[in-house]
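For reference, the chains in residue letters:
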Amino acid sequence: MDSANPLQQLLVRGLGTTNLVLERLKAVTQDWVLSGRLDPNQATALVDEVASAMRGENPSAEKQAERQLERNFDNFLQDVGLARQKELDELRGRIDRLEQQLREGT
């Protein structure tokens, strides 16, 4: 791994965290199965569902994560006083309309 590439480091750490979570979930569900709190089929389904959600194979979980990330990003931009591209485009449109009105004399 290239220590100078922070994106690569983040990816490797993320994969390691994902594997750690899945291994811990498997251990916990096995304990629940042994204690009779969970059916073996339910345990397998739970682990599979969480694994697919973590890999991005669950569209609803992925959409929810995207919406949360978008909200966090919007809040960050607002906190530092920066505008989003959509806001800039709206302002450019308003300026264009005002300039057009001035040229027409209205």
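Above this text is the structure in question.
This write-up is about the structure you can find in this document. None of the values given here were measured: they were computed from a predicted structure.

Conventions we followed
- Residues numbered from 1 in each chain as written.
- Predicted model: local features only at pLDDT ≥ 70, side-chain atom pairs only at ≥ 80, totals over all residues.
- Heavy atoms only, no water.
- Helix = DSSP H or I, 4+ residues; strand = E, 2+ residues; numbered from the N terminus.
- Buried < 20%, exposed > 50% of the residue type's maximum accessible area, 1.4 Å probe, protein only.
- Contact = heavy atoms within 4.5 Å.
- Polar contact = N/O pair within 3.5 Å; in protein donor to acceptor, adjacent residues only side chain to side chain.

1. Concerning the overall build of the protein chain
At step 1: Counting secondary structure elements, the protein chain contains four helices and zero strands.
At step 2: Listing the helices and strands of the protein chain from first to last along the sequence gives α-α-α-α.
At step 3: Split into buried and exposed, the 106 residues of the protein chain put 12% on the buried side.
At step 4: Within the protein chain, contacts between residues separated by at least 24 positions form 21% of all contacts whose residues are at least 6 apart in sequence.

2. Here's the deal with the side chain of Thr 29
At step 1: Along the chain, the position of Thr 29 falls in helix α1 (residues 6-35).
At step 2: Separated by 3.0 Å, the side chain of Thr 29 and the backbone oxygen of Lys 26 make a polar contact.
At step 3: Beyond its immediate stretch of four places on either side in the chain, Thr 29 contacts Leu 38, Ala 43, Leu 46 and Val 47.

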